[in-house]
Amino acid sequence: MSLNIVVGAQWGDEGKGRIVDLLSGQMDVVARFNGGDNAGHTVTVKDETFKLHLIPSGVIHPQVVGVLGAGMVINPSVMLDEMKSLQSAGVQINPQRLLVAYNAHVITPMHRALDLAREQQLSKHQIGTTGRGIGPAYVDKATRRGLRMIDLMDAELFREKLRAQIDEANLTLTRIYDAKALDEKPILEEYLQFADLIRPYIQETALFVLAMLKNGKRVLAEGAQGVLLDIDAGTYPFVTSSSCVAAGALNGLGIGVYPVAHVFGVVKAFQTRVGAGQFPTELLDDTALLLRGSGDKPWDEFGTTTGRPRRVGWLDGVLLRYSAATNGLTELIVTKLDVLSGIKQLKICTAYQQQGQSFEMPPFGISRLETFEPVYEELPGWEEDITAARKWDDLPINAQAYIQKIEALTGIVVTQISVGPERDQVIIR
Ligand code: IMP
């Protein structure tokens with residue numbers, strides 16, 4: 001029995017897609033447990049780059065069954081587009097290879113419209129959401145007005161429920177947000193077509209995953225976003241609306257308290273964030289330009305979902321320590337170490353300071369980060385291009401020291417280091 005969980009240990013965009021892709025080579029099931037198409041996973045296989053928002057990237061491996069779990073909010077239009085693009089790239093997509101939880105929630109155009117209207121109203125206090133309707137879909141779920149995948153099974157019932165949702169959302173849009181109402185007819189028509197196409201994929205997924213585990217199959221639970229964006233553990237209110245932490249995998253897949261073999265925390269060698277919110281180690285100088293890249297390469301620091309330039313900064317060891325503790329990480333996977341090549345003097349934040357007092361962990365978790373000053377330790381950089389390194393010994397001594405510093409700060413072993421976007425550009429220790 002083998003359940004493995006992959007979570008982003010920062011604010012998302014740690015490069016989980018490629019790590020999930022790599023680990024999926026040895027998996028039988030890869031299951032997403034939270035979020036929706038706010039996520040964006042980029043996977044490069046030879047000349048082909050896949051940008052997936054919903055479908056677990058593991059399905060690119062022919063032996064893997066993909067699951068979209070109950071904790072997700074799913075935009076059917078995005079899911080159908082991804083199915084099509086995977087199929088046209090030769091990836092087999094059928095109900096035996098892709099299961100959609102009957103109790104996952106459905107994102108509709110109303111959720112997107114409400115998301116955008118609310119952000120607009122918040123003006124300078126915006127969260128900087130991806131505008132994909134994620135928050136409003138989870139609001140509907142919590143207030144028990146949500147549409148679930150199972151509702152697509154009965155066209156008449158679905159039409160009624162969707163119509164009620166549109167009516168209610170239109171009232172909110174026009175009366176509270178002073179926004180335009182959406183036209184009911186085309187939405188109903190489009191969603192009834194989606195329902196026909198998606199129906200065969202809607203299944204019971206929790207018992208399926210449990211049965212697979214009990215039959216000795218290897219399951220990977222793929223987290224979206226990152227721990228610091230978690231609705232409870234993250235930098236609230238600048239977070240997403242779902243559970244991004246490792247424990248969320250059990251709930252989001254509905255499999256109970258199940259023994260977990262590995263909890264992989266994926267961490268970028270530096271810090272990035274999209275959207276608003278505190279960022280103690282943020283850089284705004286020339287080093288930031290270097291870390292971000294120009295946007296020419298698919299792996300430069302621009303959002304996969306929105307194309308927004310990501311904010312960048314030095315690695316924050318305090319936040320990483322917090323992520324390790326609150327997720328029970330068993331190992332760390334460091335990505336994009338190659339991006340640091342050529343920077344003469346590197347910095348890692350090892351503690352926070354407030355009124356002369358130093359903290360390894362701030363007193364109220366990671367709330368009110370703006371009241372702390374980061375304390376840095378400087379580490380010498382390395383000049384060498386490390387993209388061809390495949391073994392630990394291939395890494396310059398200063399790069400090894402950088403990784404060892406991460407281990408010392410967190411008490412967690414780094415088992416893999418990626419040095420480029422290709423599948424084989426990884427050092428496995
Ligand atoms: P939402 O999830 O669209 O509501 O956005 C809430 C916050 O989470 C915003 O700051 C987004 O930029 C951020 N966010 C959501 N999904 C991702 C992701 O996959 N990677 C990085 N940031 C994300």
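Residues numbered from 1 in each chain as written. Predicted model: local features only at pLDDT ≥ 70, side-chain atom pairs only at ≥ 80, totals over all residues. Heavy atoms only, no water.

Peer 1: Just checking my understanding: could you explain the sheet that holds strand 11 (residues 262–268) for this structure?
Peer 2: Adjacent strands of a sheet form backbone hydrogen bonds with each other and so pair up, either parallel or antiparallel. Read from one edge of the open sheet, 10 strands run 9-7-5-2-10-1-11-15-19-20, paired in mixed fashion. Since the sheet does not close on itself, it has two edges, and those belong to strand 9 (202–203) and strand 20 (426–428), each with one partner. Across three bridges, the pairing between strand 19 (residues 414–418) and strand 20 is antiparallel. Its bridge partner lying in strand 20, glutamine 416 is registered against isoleucine 428. The sheet contacts of helix 1 (residues 16–24) involve strand 1 (2–8), strand 2 (29–32), strand 10 (218–222), strand 11, strand 15 (331–335), strand 19 and strand 20, and relative to strand 1 the element is tilted by about 165 degrees. (Pairing = 2+ DSSP bridges. Helix = DSSP H or I, 4+ residues; strand = E, 2+ residues; numbered from the N terminus. Contact = heavy atoms within 4.5 Å. Axes fitted to C-alpha atoms, helices over the stretch in contact; angles between N-to-C directions.)

Peer 1: I'm lost on the pattern of salt bridges in this one. Help?
Peer 2: Under the definition given, this model contains 23 salt bridges. For arginine 423, the salt bridge identified is with aspartate 21, shortest N-O distance 2.7 Å. Of this pair, arginine 423 sits in the loop between strand 19 and strand 20 while aspartate 21 sits in helix 1, and the two are 402 residues apart along the sequence. The class of arginine 423 is partly exposed, set by a relative accessible area of 30%. The exposure class of aspartate 21 is buried, given its relative accessible area of 2%. Salt bridges sharing partners connect three or more residues here, namely Asp13, Lys268, Glu301, Arg310 and Lys336. (Salt bridge = Lys/Arg side-chain N within 4 Å of Asp/Glu carboxyl O. Buried < 20%, exposed > 50% of the residue type's maximum accessible area, 1.4 Å probe, protein only.)

Peer 1: Please clarify how the pairing of strand 5 (residues 65–68) should be interpreted in this entry.
Peer 2: Regular strands place side chains that alternate from one sheet face to the opposite one. Here strand 5 shows a buried face lined by Val65 and Val67 and a second buried face lined by Gly66 and Leu68. Alignment of strand 2 against strand 5, held across four bridges, turns out to be parallel. Residue pairing across strands places valine 30 opposite glycine 66, the latter belonging to strand 5. Two elements, strand 5 and strand 7 (residues 98–101), share three bridges in a ladder whose sense is parallel. The residue bridging glycine 66 from the neighbouring strand is leucine 98, located in strand 7.

Peer 1: Would you take a moment to explain the environment of asparagine 38 for this structure?
Peer 2: Following the sequence through the fold, asparagine 38 ends up in the loop between strand 2 and strand 3 (41–45). On the accessibility criterion, asparagine 38 (10% relative accessible area) is buried. With 267 residues separating them along the chain, asparagine 38 and threonine 305 place their C-alpha atoms 6.4 Å apart. Of note is the side chain of asparagine 38, whose polar atom sits 3.0 Å from the side chain of glutamine 225. Within the structure, asparagine 38 has its side chain in polar contact with the side chain of threonine 240 (distance 3.3 Å). (Polar contact = N/O pair within 3.5 Å; in protein donor to acceptor, adjacent residues only side chain to side chain.)

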